[in-house]
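# Coordinate analysis (summary)
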Amino acid sequence: MFTGIIEAIGTIRALTPKGGDVRVLVETGKLDLGDVKLGDSIAVNGVCLTAVELPGNGFWADVSRETLARTAFIDLKAGSRVNLEKALTPTSRLGGHLVSGHVDGVGEVVAREDNARAVQFRIRAPRELAKYIALKGSITVDGTSLTVNAVNGAEFELTIVPHTLGETIMADYRPGRQVNLEVDLLARYLERLMMGDKAAEPKASGLTEGFLAEHGYLKN
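A brief structural summary. (Residues numbered from 1 in each chain as written. Predicted model: local features only at pLDDT ≥ 70, side-chain atom pairs only at ≥ 80, totals over all residues. Heavy atoms only, no water.)

All chains considered together, the criterion is met by 1 aromatic pair. Centroid distance phenylalanine 121 to tyrosine 173: 5.8 Å. Interplanar angle 75°. Geometry classified as edge-to-face. Placement of the pair is phenylalanine 121 in strand 8 (residues 118-124) and tyrosine 173 in the loop between helix 2 (162-167) and strand 13 (178-182), with a sequence separation of 52 residues. For the pair phenylalanine 121 and tyrosine 173, one class covers both residues: buried. (Phe/Tyr/Trp six-rings, centres within 6.5 Å; stacked < 30°, edge-to-face > 60°. Helix = DSSP H or I, 4+ residues; strand = E, 2+ residues; numbered from the N terminus. Buried < 20%, exposed > 50% of the residue type's maximum accessible area, 1.4 Å probe, protein only.)

Dropping the structure here:
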């Protein structure tokens, strides 16, 4: 679990295709790795990854096909800046909201404009996530816990203060940017509970061999 309070901005240093998925090297910048062990979780742009190697100035992690298909991770390349947060400990302050690190969908930044010293963003969520996004509710964007200031259909607005702009990658956002979205945990589990017996009915997977081949993770 995470809080959505970003601890550092890191940099992707390598993305290595490996057996149909990918291994990533993240340089962690000012993030303190002194208490991180192999197998620990670190959120990268809101995606919970497991540290499999610790070279000293960062960590290696494996990114599965599922993650590549369901997140904006597929758009990252060497040199990309990323938000980083280590997993909660029993003594951590819960400064944001409870975040699982399991991305629900990919949104798109559709507008950016100055609002006094802050910056206002409008983001379009996938239609299937719109029902979970509420005025003054919480949402996680690339791992950052944020408050929704307006909702119009599948689009929502965020007002980002200078501190958040400086401590996250949101200063880089421009219209067209793809971002990872995680909706509030309570809304997601409440919907599942209300499905009753229908929750046991199977759904078809959206992950295909063609998708992975198109993005260079499988050889034709």
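Still more to cover.
Summarising the sheet, strand 3 (residues 41-44) and strand 4 (residues 47-53) pair through 4 bridges and their orientation is antiparallel. The residue bridging serine 41 from the neighbouring strand is threonine 50, located in strand 4. Taken together, strand 3 and the strand that follows it, strand 4, pair antiparallel across an intervening segment of 2 residues, in which asparagine 45 is found at a positive phi of about 50°. Judged from the 2 bridges that link them, strand 4 and strand 5 (residues 58-63) form a sheet pairing that is antiparallel. The partner of glutamate 53 across the bridge, within strand 5, is tryptophan 60. Linkage of strand 4 to strand 5, two consecutive antiparallel strands, is achieved through a turn of 4 residues, within which glycine 56 is found at a positive phi near 120°. (Pairing = 2+ DSSP bridges.)

Residue placement: threonine 144 occurs in strand 10 (residues 144-147). Overall, the relative accessible area of 4% leaves threonine 144 in the buried class. At 3.4 Å, the side chain of threonine 144 forms a polar contact with the side chain of asparagine 83. In this view, threonine 144 contacts Gly4, Ile6, Asn83, Ile139, Thr164 and Thr168; residues no more than four positions away in its chain are not counted. (Polar contact = N/O pair within 3.5 Å; in protein donor to acceptor, adjacent residues only side chain to side chain. Contact = heavy atoms within 4.5 Å.)

Attention now goes to the pattern of salt bridges. Counted under the stated rule, the structure contains 11 salt bridges. A salt bridge links lysine 86 to aspartate 35; its shortest N-O distance comes to 2.9 Å. Within this pair, whereas lysine 86 is found in strand 6 (residues 81-86), its partner aspartate 35 is found in the loop between strand 2 (21-27) and strand 3, the two being separated by 51 residues in sequence. Among the residues examined, lysine 86 registers a relative accessible area of 14% and is labelled buried. Residue classification places aspartate 35 among the partly exposed positions, given a relative accessible area of 48%. Linking glutamate 66 and arginine 70 is a salt bridge whose minimum nitrogen-to-oxygen distance equals 2.4 Å. Of the two residues, glutamate 66 and arginine 70 are both situated in helix 1 (residues 65-70); the distance of 4 residues between them amounts to about one turn of the helix. (Salt bridge = Lys/Arg side-chain N within 4 Å of Asp/Glu carboxyl O.)

Residues Val24, Val26, Val44, Leu49 and Phe73 are the most contacted members of the largest nonpolar core, which totals 23 residues. Elements represented by at least two residues in this core include exactly strand 1 (8-18), strand 2, strand 3, strand 4, strand 5 and strand 6. Core analysis: the second largest hydrophobic core is formed by 22 residues, Ala125, Leu129, Ile139 and Leu181 among them. (Core = buried A, V, L, I, M, F, W, Y, C linked by side-chain atoms within 4.5 Å.)

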